[in-house]
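Secondary and tertiary structure notes
Single-letter residue listing:
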Amino acid sequence: MIRAGLAHAPLLAALHAEAFPRDPWDAASFATLFGMPGVIGLIDERGGFLLLRIVLDEAEILTIGVTAPRQGIGQALMREGLSLAAANGVREMHLEVAATNAPARALYGKLGFVQVGLRKAYYPDGGDALTLHLVLA
């Protein structure tokens, strides 16, 4: 697992484009995010990435994606992200997930996330997002 930063923005953009070809983020978007306080990035060399933002005792998963599904990459990224967040005093984690993304929803459920809301037509393709929440132990 690599701790990502500003220098990794082009690589993160390439990974994001592969994971989300219909709505890729460019390197400038990642650079902007890394310019914000509390943003932490992770790259799994097997083909995945995660960005989260910590604000006081809460954190939000900004994006997570994998380019090689069903290899445990998403779970490894989430566990490392949750561990880093907890080490930084985070007590609550938030994220959005496409309502149609059954594999991701299953992973988040396995990790203890619960649905707390619904954002209709949240994604550029008009898809709904579920808002999920986790209280860290």
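Described below are features of the structure shown in this document. (Residues numbered from 1 in each chain as written. Predicted model: local features only at pLDDT ≥ 70, side-chain atom pairs only at ≥ 80, totals over all residues. Heavy atoms only, no water.)

Here we look at the overall build of the chain
Counting secondary structure elements, the chain contains 4 helices and 7 strands. Counting helices and strands in the order they occur from the N terminus, the chain gives β-α-α-β-β-β-α-β-α-β-β. Over its C-alpha atoms the chain spans a radius of gyration of 14 Å, differing by no more than 12% from the 14 Å that the globule rule assigns to 137 residues. Taken along the three principal axes of its C-alpha coordinates, the chain extends 35 × 35 × 30 Å. (Helix = DSSP H or I, 4+ residues; strand = E, 2+ residues; numbered from the N terminus. Rg over C-alpha atoms; globule rule 2.2 N^0.38 Å.)

Describing the sheet that holds strand S3 (residues 48-55)
Ordered by their spatial adjacency, 7 strands build an open sheet running S1-S2-S3-S4-S5-S7-S6, and the pairing between neighbours is mixed. One side of each edge strand has no neighbouring strand; the edge strands of this open sheet are strand S1 (2-4) and strand S6 (114-119). Neighbour to neighbour, the strand axes of the sheet diverge by 25° on average, direction disregarded. In terms of strand pairing, S1 meets strand S2 (residues 39-44) through 3 bridges, oriented antiparallel. For Arg3, the partnering residue across the bridge sits in S2 and is Leu42. Across the sheet, helix H3 (residues 73-87) is in contact with S1, S2, S3, strand S4 (58-66), strand S5 (92-98) and strand S7 (129-135); its angle to S2 comes to roughly 150°. (Pairing = 2+ DSSP bridges. Axes fitted to C-alpha atoms, helices over the stretch in contact; angles between N-to-C directions. Contact = heavy atoms within 4.5 Å.)

Some details on the nonpolar core
One finds Leu50, Ile61, Met78, Met93, Leu95, Tyr108 and Phe113 to be the most contacted residues of the largest nonpolar core, which totals 28 residues. Ranked by residue count, the leading element in this core is H3, at 6 residues. If we ignore the near neighbours within four places in the chain, the residues touching Tyr108 are Ile64, Met78, Leu95, Val97, Phe113 and Leu132. Of all hydrophobic cores here, the second largest spans 13 residues; its members include Ala13, Leu33, Phe34 and Val39. (Core = buried A, V, L, I, M, F, W, Y, C linked by side-chain atoms within 4.5 Å. Buried < 20%, exposed > 50% of the residue type's maximum accessible area, 1.4 Å probe, protein only.)

A closer look at the packing of aromatic side chains
Evaluated as defined, the whole model comprises 4 aromatic pairs. Ring geometry for Phe20 against Phe49: centres 6.5 Å apart, planes inclined by 80°, an arrangement best described as edge-to-face. Of this pair, Phe20 sits in the loop between helix H1 (9-19) and helix H2 (27-34) while Phe49 sits in strand S3, and the two are 29 residues apart along the sequence. The interplanar angle of 90° and the centroid separation of 4.9 Å between the aromatic rings of Tyr122 and Tyr123 together place this pair among those described as edge-to-face. Owing to a relative accessible area of 37%, Tyr122 belongs among the partly exposed residues under this scheme. Exposure remark for Tyr123: the relative accessible area of 24% places this residue in the partly exposed category. (Phe/Tyr/Trp six-rings, centres within 6.5 Å; stacked < 30°, edge-to-face > 60°.)

Quick look at the environment of Val116
In this fold, Val116 is placed in strand S6. For Val116, a relative accessible area of 55% translates into the label exposed. The residues touching Val116, leaving out its near neighbours within four places in the chain, are Thr131, Leu132 and His133.

Some details on the layout of surface pockets
Taken as a whole, the largest pocket encloses approximately 1400 Å³ of empty space. Mapped onto the lining of the largest pocket, the elements with two or more residues apiece are H1, S4, H3, S5 and helix H4 (102-110). By residue number, the principal contributor to the lining of the largest pocket is S4, which donates 7 residues. When the residues that make up the lining of the largest pocket are grouped by side-chain class, the tally is 22 nonpolar, 11 polar and 9 charged. (1 Å grid on protein atoms, 1.4 Å probe; cavity = no way out; pocket = protein on both sides within 12 Å on 5 of 7 lines; lining within 4 Å. Points joined across faces, edges and corners; volume = space filled by probe spheres on them. Nonpolar A, V, L, I, M, F, W, Y, C, P; charged D, E, K, R; others polar.)

Focus on the packing of H1 against H2
Direction vectors running N to C along H1 and H2 enclose 125°, while the axes themselves pass 8 Å from each other. Comparing their axes, H2 and H1 come out oblique. Crossing handedness for the pair H1 and H2: right-handed. Between H1 and H2, the residues in contact are Ala9, Pro10, Leu12, Ala13 and His16 and Ala27, Phe30, Ala31 and Phe34, respectively. Across the contact of H1 with H2, the residue classes tally to 8 nonpolar, 1 polar and no charged. (Parallel < 35°, antiparallel > 145°, perpendicular 65-115°, else oblique. Left-handed = near helix turned anticlockwise from the far one by under 90°.)

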